[in-house]
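Residue-level structural notes
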Amino acid sequence: MSSSKSYTGGVDVVIPVFRPDKKFDSLMEMLGKQSVPVGNIFLMQTLSGNEELDNELTKKLLDLPKVIVTTLPKSAFDHGGTRNKGASLSDAEYLLFMTQDAVPTDDKLIEKLLKALEDETVASAYARQLAADRADELEQFSRRFNYPEEGRVKSKEDLDELGIKTYFCSNVCALYKHRIYDELGGFVRHTIFNEDSIMAANTIDAGYKIAYVADATVVHSHRYTYRQQFSRNFDLAVSQEQYKRIFSRVKSESEGIKLVRDTAVHLIKNDQWFMLPDLICQSGFKYAGYLMGKKYRHFPRDVVKMMSMNKSYWDEKKHSTGKSDGDNDHSQEA
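I will try to describe carefully the structure that is included in this document. (Residues numbered from 1 in each chain as written. Predicted model: local features only at pLDDT ≥ 70, side-chain atom pairs only at ≥ 80, totals over all residues. Heavy atoms only, no water.)

A look at the pattern of salt bridges
Once the charged atoms of two side chains with opposite charge are near each other, the side chains can pair. Put simply, the rule is: Here, a salt bridge means any side-chain nitrogen of Lys or Arg that lies within 4 Å of a carboxyl oxygen of Asp or Glu. Under the scheme used here, helices are H or I runs from DSSP no shorter than 4 residues and strands are E runs no shorter than 2 residues, and both carry numbers assigned from the N terminus.
Under the definition given, this model contains 19 salt bridges. Linking Lys115 and Glu118 is a salt bridge whose minimum nitrogen-to-oxygen distance equals 3.4 Å. Residues Glu241 and Arg297 are paired through a salt bridge, measuring 3.6 Å at the closest nitrogen-oxygen approach. On the criterion of sequence distance, the pair formed by Glu241 in helix H9 (residues 226-242) and Arg297 in the loop between helix H12 (276-294) and helix H13 (301-307) is long-range, its members being 56 residues apart. Each of the salt bridges in this network shares a partner with another, and the network as a whole consists of Glu241, Lys244, Lys294 and Arg297.

Pasting the structure below:
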């Protein structure tokens, strides 16, 4: 694809922001260097509650080029609804959703993602995530496992082969055709986690395809504590329970088992067996969180909130631990 190709409808960017650090500064710098220029950058700033610091950060964000800032209290943040609000402010042909800690590796990120969307049947395209240089071998291998070197286009025909990975299009860095995004109703509102996977499932169900673009890359990795691994997987399982109509079709446990097995083999083969205890502990906390999340309706709300990573989700009365949220609407309001 030639960088001189004109995308007349433009590309707008939506990024939820909360206490951004130097990674965010690097992200904004790289967005300004893209071979296909971005239009507006909609920053959805979640306020911390410290009015002085929040106002100072808002002013700093507003000084950035092409930036439009929307502020919201922490209680109003929603993984799907907040992104929908940002999307509703845009009239661009393409929407690029990113997280504040994902940094493009070069100036061709958007160009490569747009190339994949030239296929009329492809509704969205997501980038490959690379671990940071300082990440340990467990994180490095996990990124290689989930984001292989070869790209592919996924459709309904891939469900038997890929299982739950068919419903994968990470909002860490994903480009959507705005028209189809609106057609499908945007992201679900009031979801604790997995809004991008739910959207991907709706995309596949509607007969569209999703492109994984391996040569479009961002640096994005985390080193979670065991407790954080537990809570993250707890929320993952909660979302799968709430959207059984989607996730009951495919099994996710087999992918987790395969990751653990392949990681262990990799460590042994590369004479890094000393990391096996860490792998076992990480895997144990992940699986425990997942099992507890599957049974979340059986626990009191206070216990559920304690186990969850997204604690503010449980503050709203509408989220009853005894009721499925799988039929939530797709309203554009945050």
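That shown, we press on.
Observations concerning empty space enclosed by the protein
Operational definition: We place a 1 Å grid over just the protein atoms. Points where a 1.4 Å probe fits but has no way out form a cavity, open points with protein on both sides within 12 Å along at least 5 of 7 lines form a pocket, and any residue with an atom within 4 Å of a point lines it. Grid points are joined across faces, edges and corners, and a volume is the space filled by probe spheres set on the points.
Tallying each qualifying case throughout the model produces two cavities of 30 Å³ or more. Estimates place the volume of the second largest cavity at around 40 Å³. Lining the second largest cavity are Ala123, Ser124, Tyr176, Lys177, Ile180, Tyr181, Leu184, Met199 and Thr203. Among the secondary structure elements, those contributing two or more residues to the lining of the second largest cavity are strand S6 (122-130), strand S8 (173-177), helix H7 (178-183) and helix H8 (195-205).

Some thoughts on the packing of aromatic side chains
Under the convention used in this document: Two aromatic rings from Phe, Tyr or Trp, using only the six-membered ring of Trp, form a pair when their centres are within 6.5 Å; if the ring planes differ by under 30 degrees the pair is stacked, by over 60 it is edge-to-face, and anything between is tilted. The rule is simple: take the accessible area with a 1.4 Å probe, protein chains only, and divide by the maximum for that residue type; under 20% is buried, over 50% is exposed, in between is partly exposed.
The tally for this structure, following the rule as stated, stands at 14 aromatic pairs. The interplanar angle of 85 degrees and the centroid separation of 5.7 Å between the aromatic rings of Tyr176 and Phe187 together place this pair among those described as edge-to-face. Here Tyr176 is found in strand S8, whereas its partner Phe187 is found in the loop between H7 and H8, with 11 residues between them in sequence. Across the pair, Phe187 and Tyr176 agree in class, each one buried. Between the aromatic rings of Tyr296 and Trp314, the centroid separation amounts to 5.8 Å while the plane-to-plane angle is 50 degrees, which identifies the pairing as tilted. Taken as a pair, Tyr296 in the loop between H12 and H13 and Trp314 in the segment after H13 lie far apart in primary sequence, 18 residues in all. The class for Tyr296 is buried, based on a relative accessible area of 0%. What makes Trp314 buried here is its relative accessible area of 2%. Put simply, the rings of Phe97, Tyr176, Tyr181 and Phe187 pair up and form one aromatic cluster.

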